[in-house]
Amino acid sequence: MQVERLKNALTDFMGEDAPEPSEEDIKIMFAILRYGGLPVDGVHGVTYLNETYVRWYYRLVQLESTLCTDAPRYNSLRKADGQAYNLFRYTGTEDLAQDIDVFRRAIGQNKLSIYGLSYGTVVGSNYATLFPNHTDRLVLDGVIPPVLETHTLPTHQQKGYSNVFEAVFTDCFESLYRNASEEERCPLAPSPSSKVQHMINDRTNLTRAAAVANYFDNIACGNDNACIDGAPATVACAAALYSKGAQTPEYCNVSAVSEAKPENAPLGPGTENDRFYETQKTIMSAVIGLDAPGRYGEEALIALWQDQLRAYGMSVRHYIEWMVPCSTWPMYSKPLPPAGNERIPALVIGNLHDQATDFGGAQLMRQAFPSGSLMTYQGFGHCLAARSFEVVGATGSEVNSVQSINHCKHLIDKYLETLELPFDGHACHLYSPLSLGPAAVERYLQSHANDSINRRGR
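About the thresholds
- Residues numbered from 1 in each chain as written.
- Predicted model: local features only at pLDDT ≥ 70, side-chain atom pairs only at ≥ 80, totals over all residues.
- Heavy atoms only, no water.
- Core = buried A, V, L, I, M, F, W, Y, C linked by side-chain atoms within 4.5 Å.
- Buried < 20%, exposed > 50% of the residue type's maximum accessible area, 1.4 Å probe, protein only.
- Contact = heavy atoms within 4.5 Å.
- Pairing = 2+ DSSP bridges.
- Helix = DSSP H or I, 4+ residues; strand = E, 2+ residues; numbered from the N terminus.
- Axes fitted to C-alpha atoms, helices over the stretch in contact; angles between N-to-C directions.
- Right-handed = clockwise from strand over helix to strand, strands pointing away.
- Salt bridge = Lys/Arg side-chain N within 4 Å of Asp/Glu carboxyl O.

Enquirer: Would you explain the nonpolar core in this entry?
Expert: The nonpolar side chains of a soluble globular protein tend to be buried, and buried together. One finds Y48, L188, I200, Y215 and F216 to be the most contacted residues of the largest nonpolar core, which totals 61 residues. Excluding residues that lie within four positions of it along the chain, F216 makes contacts with F165, F169, L188, V196, T234, V235, A238 and M314.

Structure representation (structure tokens):
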């Protein structure tokens, strides 16, 4: 029944002249539908490297977006004169900025201060652009670039993931040359990047490929230090899988990390975390689809994917998972003006190793607000935490990161209280590299005894 419904939907969407999907095509489509995205497991392998899977992902997302925007429940709203309108024509950032100003007027305030995190940097910077006379303090942290096109968010997220991976690989390699003890040397060195990419590309061992791809995605998973603190265990597992005859430690849990969903599993993301991730992408495609000009057909998308794959390798997963929803959104866009204002003293915070946004976005945003300052956090995670942390109880790289976060947080509080900006270009330093040797693994396992390194569960 499900197969026939899917075939009929595709025939209606692609036309009767389109070739009927083969049995293998049907299996690929249902694999994508079961996962709510491109699967990475021991049965299908690392599918974001496979053109056939990427093509079917594009077609299914395009079909889903079209069905969603055409659904009666989103087209049944009517104006006072009886004219119907589509809800998705009003999901852009400019609409939200206008709503914020309605709120400002409703509470009787002349100015608002905005602390924007992640997509909030788009909201905050555009409110300040549209309503500069009503903007007071402006903090932009985890910055999406001030000029949006369809490819902007996917490209910067891909670069962000690449920055995290390369930092781990660099600290791993350098552990051989900074007089580190045997217990502090990274077991994946030398050439950690090449070894990891080789394993992910290896189609003769799909279980290993999927496990390694998921391991490294898990160290770039969140807004704090908990995920990157698992980097020692990640590189130890990858090193064991790369070495012939080496026994893989039990904590690597290879079977669980690479386990495929059964064919009778319900369609759609399984875990609460996965459902949130997929819902977030759908919502953001509705927003960015209005904010950003430019759409990409299937062949153009495949050409871009091939270019990005050559340039970024394993990080391309995060390009394709965002680029497809953004570039297939069917509504006409309402492009935003370039964000910025020469008078507003914005505090722009850039993170060198933010998996969701490349540091270059913060530099561009600082240019857009020339009276502001750029402050750099050298640590890991998406956005600075909006609170202070206690060093007590922290272990491994967490101590280093917590001290740096608290230093940045002190300067943010000072700006909010006094409007005094930190020195333009100020950096909140990490004073030591990541520790990735066996001793760091032991510290991690002791302090995260109830955690699994398979955090994302994709």
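Enquirer: Which parts of the structure should I look at to understand the sheet that holds strand β7 (residues 347-353)?
Expert: Hydrogen bonds along the backbone pair up the strands of a sheet, which may run parallel or antiparallel. Spatial strand order, β5-β6-β7-β8-β9: five strands in an open sheet with parallel pairing. Of all strands in the sheet, those bounded by a partner on one side alone are β5 (112-117) and β9 (426-428). Here the average twist between neighbouring strands, direction ignored, is 15°. Taken strand by strand, helix α6 (residues 152-174) contacts β7 and β8 (373-380), and its axis lies near 50° from that of β7.

Enquirer: Whenever I open this one, the pairing of β8 confuses me. Can you help?
Expert: Here is the key point about a regular strand: its side chains alternate between the two faces of the sheet. The element β8 is largely enclosed, with a buried count of eight among its eight residues. Neither face of β8 is exposed, since S373, M375, Y377 and G379 on one face and L374, T376, Q378 and F380 on the opposite face are all buried. Note that β7 and β8 share six bridges and pair parallel. Bridging from a neighbouring strand, I349 pairs with M375 of β8. Taking the sense of rotation as the criterion, the β-α-β connection linking β7, helix α14 (residues 359-368) and β8 turns out right-handed. The pairing of β8 with β9 spans three bridges and is parallel. Note on β9: the bridge partner recorded for T376 is A427.

Enquirer: Hey, could you run me through the pattern of salt bridges in this one?
Expert: Opposite charge on two side chains makes pairing possible when the charged atoms of those side chains draw close. As enumerated under the stated definition, the model contains 17 salt bridges in all. A salt bridge links R137 to D136, with the nearest nitrogen and oxygen atoms 3.2 Å apart. Overall, the relative accessible area of 25% leaves D136 in the partly exposed class. When salt bridges that share partners are traced, they join E51, R55, R59, E298 and E299 into one network.

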